[in-house]
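Spelled out, the chains give:
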Amino acid sequence: MVGIEEVAQRAGVSPSTVSRALRGRSGVSDRTRQRIAELAAELDYSISRSASGLATGRTFCIGVVVPFVWRWFFGQIIGGAEQVLRAAGYDLMLYTAGDEEARERFFRELPVRGRVDAVLVLSMDLTEQEADRLRGLDLPLGLVGHEAEGFSSVHIDDRLGTKLAVQHLINLGHRDIAIIQGLEPKPLGAIAPIVRREAFLRTLYDNDIEPRPEWMVPGEFSISGGERAMDRLLAESHQPTAVFAYADELAMGALRSLRRHGRSAPEHMSIVGFDDHEMSEYVDLTTVAQPVRAQGAAAAQLLIDQLVAGSRQNTVVPVPIELVVRGSTAPPRKTAEL
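Treat the numbers as computed from the prediction; the structure is a model and nothing was measured.

Caption draft 1: Here's a closer look at the layout of surface pockets. Here the largest pocket is characterised by a volume of approximately 290 Å³. Lining the largest pocket are 16 residues, and of these Q239, P240, T241, H268 and R333 lie nearest its centre. Class assignment for the residues of the lining of the largest pocket results in five nonpolar, six polar and five charged. Roughly 160 Å³ of volume is contained in the second largest pocket.

Caption draft 2: Representation of the packing of helix α5 (residues 72-87) against helix α12 (residues 292-309). Running from N to C, α5 and α12 cross one another at 40 degrees; their axes reach a closest spacing of 7 Å. Looking at the two axes, α5 sits oblique to α12. As α5 runs across α12, the sense of the crossing is right-handed. Contact residues: α5 offers W72, F73, Q76, I77, G79, G80, A81, Q83, V84 and L85, while α12 offers V292, R293, G296, A297, A300, Q301 and I304. In the contact of α5 with α12, the residues fall into ten nonpolar, six polar and one charged.

Caption draft 3: Local environment of the side chain of H155. Within the fold, H155 resides in strand β5 (residues 152-155). Exposure remark for H155: the relative accessible area of 15% places this residue in the buried category. A distance of 2.9 Å separates a polar atom in the side chain of H155 from a polar atom in the side chain of E147.

Caption draft 4: Representation of the packing of aromatic side chains within the structure. Under the criterion given, the structure shown has nine aromatic pairs. Pairing F60 with Y90 gives two aromatic rings, centres 5.5 Å apart and planes at 50 degrees, and the pair type is tilted. Of the two residues, F60 is situated in the loop between α4 (49-56) and β1 (61-66) and Y90 in the loop between α5 and β2 (91-96); the sequence distance between them amounts to 30 residues. Considered together, F60 and Y90 belong to a single accessibility category, that of buried residues. Ring centres 6.4 Å apart and planes at 15 degrees place the aromatic pair F200 and F244 in the stacked group. Of the two residues, F200 sits in helix α9 (residues 192-206) while F244 sits in strand β8 (residues 242-245), which places them 44 residues apart along the sequence. Overall, F200 belongs to the buried group, its relative accessible area being 1%.

Caption draft 5: Highlighting the packing of helix α6 (residues 100-109) against helix α7 (residues 128-135). In contact at an axis separation of 9 Å, α6 and α7 are set at 40 degrees when each is read in the N-to-C sense. When the interaxial angle is binned, α6 and α7 end up oblique. Two packed elements cross with a definite hand, and for α6 against α7 that hand is left-handed. Contact residues: α6 offers R103, F106, F107, R108 and E109, while α7 offers E130, R133 and L134. Split by residue class, the contact of α6 with α7 holds three nonpolar, no polar and five charged.

Caption draft 6: Inspection of the sheet that holds strand β9 (residues 270-275) at higher detail. Spatial strand order, β7-β6-β8-β9-β10-β12: six strands in an open sheet with mixed pairing. Looking at which strands have only one partner, the edges of the open sheet turn out to be β7 (216-218) and β12 (322-324). Geometrically, the sheet is characterised by an average inter-axis angle of 20 degrees between neighbouring strands, direction not taken into account. Relative to β9, β8 is paired through three bridges, and the arrangement is parallel. Bridge pairing links F244 to V272 in β9. In the packing of α9 onto the sheet, the strands contacted are β6 (177-181), β7, β8 and β9, and the crossing angle to β6 comes to about 175 degrees.

Caption draft 7: Spatial organisation of the pattern of salt bridges. Considering all chains together, one arrives at 18 salt bridges under this definition. Of the charged contacts in the structure, one is a salt bridge between R159 and E198, with a shortest N-O distance of 3.6 Å. Separated by 39 residues along the polypeptide, R159 in helix α8 (residues 158-171) and E198 in helix α9 bring together distant segments of the chain. A relative accessible area of 48% means that R159 is categorised as partly exposed. Judged by its relative accessible area of 42%, E198 falls in the partly exposed class. A salt bridge links R326 to D276; the nearest nitrogen and oxygen atoms lie 3.1 Å apart. In this pair, R326 is assigned in the loop between β12 and α13 (333-337) and D276 in the loop between β9 and β10 (286-289), connecting sequence segments 50 residues apart. Note on D276: relative accessible area 25%, which makes it partly exposed. Three or more residues are tied together by salt bridges with common partners; here these are E227, D231, R256 and R260.

Parameters and conventions
Residues numbered from 1 in each chain as written. Predicted model: local features only at pLDDT ≥ 70, side-chain atom pairs only at ≥ 80, totals over all residues. Heavy atoms only, no water. 1 Å grid on protein atoms, 1.4 Å probe; cavity = no way out; pocket = protein on both sides within 12 Å on 5 of 7 lines; lining within 4 Å. Points joined across faces, edges and corners; volume = space filled by probe spheres on them. Nonpolar A, V, L, I, M, F, W, Y, C, P; charged D, E, K, R; others polar. Axes fitted to C-alpha atoms, helices over the stretch in contact; angles between N-to-C directions. Helix = DSSP H or I, 4+ residues; strand = E, 2+ residues; numbered from the N terminus. Parallel < 35°, antiparallel > 145°, perpendicular 65-115°, else oblique. Left-handed = near helix turned anticlockwise from the far one by under 90°. Contact = heavy atoms within 4.5 Å. Buried < 20%, exposed > 50% of the residue type's maximum accessible area, 1.4 Å probe, protein only. Polar contact = N/O pair within 3.5 Å; in protein donor to acceptor, adjacent residues only side chain to side chain. Phe/Tyr/Trp six-rings, centres within 6.5 Å; stacked < 30°, edge-to-face > 60°. Pairing = 2+ DSSP bridges. Salt bridge = Lys/Arg side-chain N within 4 Å of Asp/Glu carboxyl O.

What follows is the structure, given as structure tokens:
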């Protein structure tokens, strides 16, 4: 079997140059790259990841740390990142920290050490100790969801997104507004649920609306959780006329609960979500759209750029969001009838 050394010897270059040329890396002239490609084809050589790693000191693998893998949101981010990494010749190694024990073990043992060339953390608000542990790896680091010193990051403005959603309901004439939240207390360090809750309350206060504690219900980040949350709201003697759901999956569960109770949106209650899930258009859900998959792709590209340049220059990429108005929101019934 032909090895990288033979290709390098025939081409008159080093093994690392062969590796860079066949992987499309920078630092190789077009003429040399073409000669190496022709020799590789002539010798029926395909690049070996292990041999390339020995030549370059790289693993050609990126570690991705995620709290959940079963949620649509994280699946989309991972998919976006994987597509970019694969095109650049990198594999993705997934690490889950879905409970306190798994998270503590990950940051204590750091299983990524020596196995990856960079680390991407998805929607986890790292403690200073956790961030220090990762910075100590001396690898390119990335975050999706928020910012931290020493990390490149890609994120949306959760406060603005929440304000867009809630203000839309208020502008329609709603003042009895509930929220279906994520888990409480702060779930595994995820910061978005807390930020959106604070922004929800701030938007109500800014419009002289007093929030009702019984209308702030947890939804467990799932369609079934959103359904149970709406069941609770419908059991209240005084019910809201509108609901802001932390995520579209929760909003879809809320819509299902309304149907079970012989009601509908927006005739009996307006509902607005967050994310623009791929099914949101089909259920006619008003929502705050964020390019979820594109965030994973952008974060992966930031890490690839650092690896190619041999740089630790961190970049922060804010991602635009927008309110998408569909058929699940309307003025409250009494106002509409006036």
